[in-house]
Amino acid sequence: MAHQWRGVIREYSDRLPVSKSTRVVTLGEGGTPLIEAPALSQLVDGEVWVKFEGMNPTGSFKDRGMTMAITAAVEQGAKAVVCASTGNTSASAAAYATQAGLTCAVLVPDGKIAMGKLSQAIAHGATLLQVDGNFDNCLDVARKLSENYPVFLVNSVNPNRIEGQKTGAFEVVDALGDAPDYHLLPVGNAGNITAYWKGYQEYSQPYTNPHPGAVPAGSEPVELPAVATRTPTMWGFQAAGAAPIVLGHPVTEPDTIATAIRIGNPASWEQAEAARDESGGMIDSVTDEEILAAHRWLSAREGVFVEPASAAGVAGLIKHHALGNVPAGKRWVITVTGHGLKDPQWALRNADGSDVEPQRVPFDVVAVAEALGLA
Ligand code: F0G
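Computed from a prediction, not measured in an experiment: that's the story for all the values here.

Asks: How should I be thinking about the site of the ligand in this particular structure?
Replies: As a structural note, the neighbourhood of the ligand is formed by 20 residues, with Ser85, Gly188, Asn189, Ala190 and Thr337 the closest of them. One of the side-chain N or O atoms of lysine 62 is found 2.9 Å from a nitrogen atom in the ligand. A distance of 2.8 Å separates an oxygen atom of the ligand from a polar side-chain atom of serine 85. Its residues assigned to classes, the shell around the ligand comprises seven nonpolar, eleven polar and two charged.

Asks: Teacher, can you tell me more about the pairing of strand S5 (residues 127–131) here?
Replies: Looking down a regular strand, the side chains alternate between one sheet face and the other. Strand direction decides the pairing type here: strand S4 (residues 103–109) and S5, joined by five bridges, are parallel. Looking at S5, one finds that alanine 105 is bridged to threonine 127.

Asks: I keep staring at the side chain of arginine 64 and nothing clicks. Help me out?
Replies: As for its placement among the helices and strands, arginine 64 is situated in helix H3 (residues 62–75). When near neighbours in sequence (up to four residues on either side) are disregarded, arginine 64 contacts Val8, Glu29, Gly30, Gly31, Thr32, Lys51, Glu53, Gly164, Gln165, Thr167, Gly168 and Glu171.

Asks: What is the right way to look at helix H11 (residues 269–279) in this model?
Replies: Given 3.6 residues per turn, any residue in an α-helix points the same way as the ones three and four places further on. By the burial criterion, the buried members of H11 are Trp269, Ala272, Ala275, Arg276 and Ser279. Buried residues of H11, seen end-on, are gathered within an arc of 125 degrees and therefore sit on one face of the element. Those residues of H11 that are exposed and angled more than 90 degrees off the buried face are Glu270, Asp277 and Glu278. As for H11, its buried residues are in contact with helix H9 (191–203), strand S10 (233–239), helix H10 (244–247) and strand S11 (282–286).

Asks: Got a minute to help me understand the packing of helix H4 (residues 88–100) against helix H5 (residues 115–123) in this structure?
Replies: The description of two packed helices rests on the angle between their axes and on the distance between the axes. Axis separation between H4 and H5 bottoms out at 8 Å; the angle between their running directions is 20 degrees. Accordingly, the angle class assigned to the pair H4 and H5 is roughly parallel. The handedness of the crossing between H4 and H5 comes out as left-handed. On the side of H4, the interface is formed by Asn88, Ser90, Ala91 and Ala94, while H5 contributes Lys117, Gln120 and Ala121. Residues belonging to the contact of H4 with H5 are distributed by class as follows: three nonpolar, three polar and one charged.

Asks: For this particular structure, what's the right way to read the pattern of salt bridges?
Replies: Note on pairing: side chains with opposite charge can pair once their charged atoms come close. Tallying each qualifying case throughout the model produces 14 salt bridges. For glutamate 163, the salt bridge is made with lysine 198, and the minimal N-O distance between the two is 2.5 Å. Here glutamate 163, found in helix H7 (residues 159–165), pairs with lysine 198, found in helix H9; they are 35 residues apart in sequence, far enough to count as distant. Assessed through its relative accessible area of 28%, lysine 198 is described here as partly exposed.

Asks: Got a minute to help me understand the packing of H9 against H11 in this structure?
Replies: Running from N to C, H9 and H11 point in directions that differ by 45 degrees, and their axes come no closer than 8 Å. It follows from the interaxial angle that H9 and H11 lie oblique. Judged by the sense of rotation from one axis to the other, the crossing of H9 with H11 is left-handed. Across the interface between the two elements, Ile193, Thr194, Trp197 and Gln201 of H9 pack against Gln271, Ala272, Ala274, Ala275, Glu278 and Ser279 of H11. Considered class by class, the residues forming the contact of H9 with H11 number five nonpolar, four polar and one charged.

About the cut-offs
- Residues numbered from 1 in each chain as written.
- Predicted model: local features only at pLDDT ≥ 70, side-chain atom pairs only at ≥ 80, totals over all residues.
- Heavy atoms only, no water.
- Near = heavy atom within 4 Å.
- Polar contact = N/O pair within 3.5 Å; in protein donor to acceptor, adjacent residues only side chain to side chain.
- Nonpolar A, V, L, I, M, F, W, Y, C, P; charged D, E, K, R; others polar.
- Pairing = 2+ DSSP bridges.
- Helix = DSSP H or I, 4+ residues; strand = E, 2+ residues; numbered from the N terminus.
- Contact = heavy atoms within 4.5 Å.
- Buried < 20%, exposed > 50% of the residue type's maximum accessible area, 1.4 Å probe, protein only.
- Arc of directions from axis to C-beta.
- Axes fitted to C-alpha atoms, helices over the stretch in contact; angles between N-to-C directions.
- Parallel < 35°, antiparallel > 145°, perpendicular 65-115°, else oblique.
- Left-handed = near helix turned anticlockwise from the far one by under 90°.
- Salt bridge = Lys/Arg side-chain N within 4 Å of Asp/Glu carboxyl O.

This is how it looks when you write it as structure tokens:
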């Protein structure tokens, strides 16, 4: 059989908390395309690549972390898992829990989750509760639930999630031959920026897997050589209405059309600041208008369809290019985090907010040719 990508745990087992006897729960996640973006490259007079995480099995980067979190939960004897979610985590948790034979409960903010994501969690048989509150309230309840009841938390405060998600950085380096100059991505609960920074750091120095079972019993731990010669500068972007790290204080009523990152008190706040500071980078905000413009740019100019939150990194690049903060001749990687089919309504709106109305024509060649400007 031709080589098939085996999912992030098997591809990077020497750098993850697994052992030879681990039963791997996988849907073949990771191995996502790193796509050169010609229009963005031209704009910034450099090389811009997008890591299209919408190509994961449930349509977002969450699958990288979820394969690891569910695999570890099974290893530790879990029967049930819980998460709080703005949608993508719940879709991913529901799918992986189903494969593992675990029950899955998801807590989502009432009315603020995209239809595609809701349908995924339901299709995979999760028990879905719409909580009268925002994501931060949901996470608070999910944490307490896991502390007091027999259920495992699979949000990114679970270190296994970060371990799985760090493989995104490994794939970028493996594809480009080294780390890029800059890595940009959206920031919500701040797990992903934490994970990418961990991955880039681990790949840029010799690495010995600290997991006790990572090497066969009786043998010496293996030191792996560095793969990258450097780490990138990390730029993270929050939505302006949900930008606690930028403002320096929690936002009690976060508000943005980018519902995936509608978060007012990120769990990995300190780790995100560490990634920013250690890399000499920044965490800034982008407005909903800038997010929607970047969303449109990606679909109409690069051929990449993402959900709005996923375009925050691209919005950040365009914003800072206009501000004169983007040096020429650099290599940029931007993680676009989730698929456009999750939340397709935004593609059906014109820039002025009006609905896109497809033109109606009779089934007649001449009429169609006229409508297409061919006749
Ligand atoms: N992009 C998308 C599409 C997301 O779904 C999320 C987070 C982020 C970016 C931000 O990543 O939280 O690691 O900083 N979604 C979570 C969820 C909160 O519940 O699906 P982060």
